[in-house]
Amino acid sequence: MKNVGEAPQEELATGERSTRNRVARSILDHGPSTVADLAGRLGLTQAAVRRHLDALVADDVVEAREQRVYGARTRGRPAKVFALTDCGRDAFDQSYDKLAADALRWIAAHGGGDEAVVAFARDRMAAQAIAYREVVEAAAPENRAEALAKALSVDGYAATARSAPVGEQLCQHHCPVAHVAEQFPQLCEAETELFSQLLGTHVQRLATIAHGDGVCTTFIPKNSNTPKNSKTVSDPPHASARTAGRNPA
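Attention here is on the structure that accompanies the text. Keep in mind that what you see is a predicted model, and the values were worked out from it rather than measured.

Calculation rules
Residues numbered from 1 in each chain as written. Predicted model: local features only at pLDDT ≥ 70, side-chain atom pairs only at ≥ 80, totals over all residues. Heavy atoms only, no water. Helix = DSSP H or I, 4+ residues; strand = E, 2+ residues; numbered from the N terminus. Buried < 20%, exposed > 50% of the residue type's maximum accessible area, 1.4 Å probe, protein only. Contact = heavy atoms within 4.5 Å. Pairing = 2+ DSSP bridges. Salt bridge = Lys/Arg side-chain N within 4 Å of Asp/Glu carboxyl O. Disulfide = S-S within 2.5 Å. Patch = residues over 30% accessible without salt bridge, like charges linked within 9 Å, V, L, I, M, F, W, Y side chains within 5 Å. Areas by Shrake-Rupley, 256 points an atom, 1.4 Å probe, with all protein chains shown as cover. Lys, Arg positive; Asp, Glu negative; His and termini not counted. Charge placed at Lys NZ, Arg CZ, Asp CG, Glu CD. Expected span 1.5 Å × (residues − 1). Arc of directions from axis to C-beta. Core = buried A, V, L, I, M, F, W, Y, C linked by side-chain atoms within 4.5 Å. Axes fitted to C-alpha atoms, helices over the stretch in contact; angles between N-to-C directions. Parallel < 35°, antiparallel > 145°, perpendicular 65-115°, else oblique. Nonpolar A, V, L, I, M, F, W, Y, C, P; charged D, E, K, R; others polar.

1. Considering the overall build of the chain
Counting its regular elements, the chain contains 10 helices and 6 strands. Relative to its 249 residues, the chain shows a buried fraction of 39%. Taking contacts inside the chain between residues at least 6 apart in sequence as the whole, the part at least 24 apart equals 55%.

2. Concerning the pairing of strand S2 (residues 80–84)
In terms of residue burial, S2 counts as a mostly covered element, since 4 of its 5 residues are buried. Bridge analysis of strand S1 (residues 62–66) against S2 gives 5 bridges, and the strand direction is antiparallel. Bridge pairing links Val 62 to Leu 84 in S2.

3. Things to note about the pattern of salt bridges
Enumeration over the complete set of coordinates arrives at 8 salt bridges. As a salt-bridge pair, Arg 20 and Glu 16 come within 3.3 Å of each other at their nearest N and O atoms. Of this pair, Arg 20 and Glu 16 both sit in helix H1 (residues 9–30), 4 residues apart, roughly one helical turn. Among the residues examined, Glu 16 registers a relative accessible area of 27% and is labelled partly exposed. Among the charged side chains, a salt-bridge network with shared partners connects Glu 16, Arg 20 and Arg 51.

4. A short note on the state of the cysteines
Overall, the coordinates contain 0 disulfides when judged by the stated rule. Just so you know, Cys 188 is unpaired, no disulfide at all, and the nearest cysteine sulfur is the one on Cys 216, 6.1 Å from it.

5. Some points on unusual backbone geometry
The phi dihedral of Asp 60 falls on the positive side, at around 60°, and the residue is not glycine. Exposure remark for Asp 60: the relative accessible area of 42% places this residue in the partly exposed category. A positive phi angle, near 45°, is found at Ala 158, a position not held by glycine. Position of Ala 158 relative to the elements: it lies in the loop between helix H7 (144–154) and strand S3 (159–164). Given the relative accessible area of 38%, Ala 158 is considered partly exposed.

6. What to know about a negative patch on the surface
The grouping of Asp 59, Asp 60, Asp 86 and Asp 90 at the surface amounts to a negative patch. One can find Asp 86 in helix H4 (residues 86–90). Overall, the relative accessible area of 62% leaves Asp 86 in the exposed class.

7. Re helix H3 (residues 46–58)
Since the α-helix packs 3.6 residues into each turn, any two residues three or four apart lie on the same face. With 13 residues, H3 extends 18 Å between its outermost C-alpha atoms, agreeing within 8% with the 18 Å of an ideal straight helix rising 1.5 Å per residue. Taken as a whole, H3 has its buried residues at Ala 48, Val 49, His 52, Leu 53, Ala 55 and Leu 56. Summarising the axial view, the buried residues of H3 lie within an arc of 160°, below the 170-degree limit, and thus occupy one face. Away from its buried face by more than 90 degrees, H3 exposes Ala 47, Asp 54 and Ala 58. One or two steps after H3, the chain reaches Asp 60, where phi turns positive at roughly 60°.

8. Observations concerning the nonpolar core
Within the largest apolar cluster, 29 residues are counted, with the highest numbers of intra-cluster contacts made by Tyr 132, Leu 148, Leu 152 and Leu 170. Mapped onto this core, the elements with two or more residues apiece are helix H5 (96–110), helix H6 (114–138), H7, helix H8 (178–183) and helix H9 (186–199). Ranked by size, the runner-up nonpolar core spans 15 residues in total, among them Ile 27, Leu 42, Leu 53 and Phe 82.

9. Quick notes on the packing of H5 against H6
Interhelical geometry of H5 versus H6 gives an angle of 135° and a closest axis separation of 7 Å. With respect to each other, H5 and H6 are oriented oblique. Packed against H5, whose contacting residues are Leu 104, Ile 107 and Ala 108, the element H6 presents Ala 116, Val 117 and Phe 120 at the interface. Within the contact of H5 with H6, the residues separate by chemical class into 6 nonpolar, no polar and no charged.

Here is the structure:
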């Protein structure tokens, strides 16, 4: 048996991550917890728990706060407890994706089929479009793709805009609904329609995270005869070859 000091760095790193995940999971399961609570539940020393908590705080997974006191407060400073941040909660599978997919499946089965799902997807994007439209229309025409990227990033899409040979590419490095969009490409289609309307030109969806690509990529042509606010969405020339047998997104 190897001593801890002799373990490879990879083993140590894996062990650290595993214990850190146990600490975060314990907070998820039991709510805001003190160092002593966590040490008792996990069989760790309080010093070890503090070390893992420091790392989790640095990663914005947990945050420290004063413990709530119900009834008469005793003398002395309130105990410090550690609670999950929104980012920390998002790191755990809370079945939201499954719930959303089940809801859309029910809408398709009982609420009018594919047309009902399309209507839902468009209505969802219309609600988001209000804030996006204000940002895009306030920007100069040449800066509108970048403005849209910044607005999308606020909603968790980690988007960027960059120049392309004959236009621009809008890249979304994260998609909060990717797992659901994999089953319901209508979500991607509604989003692409919205980009076309906001930017006043047709756009081409080149890749999506929902279909296994690393980044959702939308091509925005430099020149277009498409009227402003058109809902036309052109398929990229190579899409049929790359996505053969799959629904386009």
